[in-house]
Amino acid sequence: MTATVVCGLLLWLLHHYDAGRAVWRTAMVVAVISVIGVGLTRVWLGVHWPSDVLGGWMLGAFVVTVAVGAYERRRV
């Protein structure tokens, strides 16, 4: 969940401040590899079930969505 939230918010910040297309694409690839890598290593090491990882990814995406939505709503 933490990797999803951190990477999601960093990607949103890059988009919000109009980072270049190449920078944003590179950050997206790194973020996806990071989030998937963290989740898969958790399962491989036996510290989480696959359902835990999937739930963490979903909860992290929800937290990012709520945070961005709250920011946009407050800004208006």
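Residues numbered from 1 in each chain as written. Predicted model: local features only at pLDDT ≥ 70, side-chain atom pairs only at ≥ 80, totals over all residues. Heavy atoms only, no water.

Chemist: Help me understand the overall build of the protein chain, please; the structure alone is not making it clear to me.
Modeler: Assigned secondary structure in the protein chain consists of three helices and zero strands. Each helix and strand of the protein chain, placed in order from N terminus to C terminus, yields the pattern α-α-α. On the principal axes, the C-alpha backbone points of the protein chain span a range of 45 × 30 × 10 Å. Counting over 76 residues, the protein chain shows a buried share of 18%. (Helix = DSSP H or I, 4+ residues; strand = E, 2+ residues; numbered from the N terminus. Buried < 20%, exposed > 50% of the residue type's maximum accessible area, 1.4 Å probe, protein only.)

Chemist: Help me understand unusual backbone geometry in this model?
Modeler: Note: most residues except glycine have negative phi, and most peptide bonds are trans. Phi at Asp 18 is positive, roughly 50°, even though this residue is not glycine. Counting through the fold element by element, Asp 18 comes out in the loop between helix H1 (2-16) and helix H2 (21-44).

Chemist: What should I look at first to understand a nonpolar patch on the surface in this one?
Modeler: Where nonpolar side chains cluster on the molecular surface, the patch consists of Met 1, Leu 59, Phe 62, Val 63 and Val 66 and spans about 440 Å² of accessible area. Positionally, Val 63 belongs in helix H3 (residues 50-75). (Patch = residues over 30% accessible without salt bridge, like charges linked within 9 Å, V, L, I, M, F, W, Y side chains within 5 Å. Areas by Shrake-Rupley, 256 points an atom, 1.4 Å probe, with all protein chains shown as cover. Salt bridge = Lys/Arg side-chain N within 4 Å of Asp/Glu carboxyl O.)

Chemist: What's the story with the packing of aromatic side chains in this structure? I'm lost.
Modeler: Two aromatic rings, taken as a pair, are described by how far apart their centres are and by the angle between their planes. By the definition in use, this model includes one aromatic pair. Centre to centre, the rings of Trp 12 and Tyr 71 are 5.2 Å apart; their planes meet at 75°, and the pair counts as edge-to-face. Taken as a pair, Trp 12 in helix H1 and Tyr 71 in helix H3 lie far apart in primary sequence, 59 residues in all. Judged by relative accessible area, Trp 12 falls into the buried class, the value being 19%. Relative accessible area serves as the criterion here: at 37%, Tyr 71 is assigned to the partly exposed category. (Phe/Tyr/Trp six-rings, centres within 6.5 Å; stacked < 30°, edge-to-face > 60°.)

Chemist: Can you walk me through H3 in this structure?
Modeler: Owing to its 3.6 residues per turn, the α-helix aligns residues three or four sequence positions apart on the same side. In a regular helix each residue adds 1.5 Å, so 26 residues correspond to 38 Å; H3 covers 38 Å between its end C-alpha atoms and thus fits that length. All of the buried residues along H3 are Val 53, Gly 56, Gly 60, Val 64 and Val 68. Residues of H3 that are buried make contact with H1 and H2. (Expected span 1.5 Å × (residues − 1). Contact = heavy atoms within 4.5 Å.)

Chemist: Help me understand the packing of H1 against H2 in this model?
Modeler: The description of two packed helices rests on the angle between their axes and on the distance between the axes. One way to put it is that H1 packs onto H2 with a least axis distance of 9 Å and a crossing angle of 175°. By the angle class used here, H1 and H2 are roughly antiparallel. Residues Ala 3, Thr 4, Cys 7, Leu 11, Leu 14 and His 15 of H1 lie in contact with H2, whose contacting residues are Val 23, Trp 24, Ala 27, Met 28, Ala 31, Ser 34, Val 35 and Val 38. Within the contact of H1 with H2, the residues separate by chemical class into eleven nonpolar, three polar and no charged. (Axes fitted to C-alpha atoms, helices over the stretch in contact; angles between N-to-C directions. Parallel < 35°, antiparallel > 145°, perpendicular 65-115°, else oblique. Nonpolar A, V, L, I, M, F, W, Y, C, P; charged D, E, K, R; others polar.)

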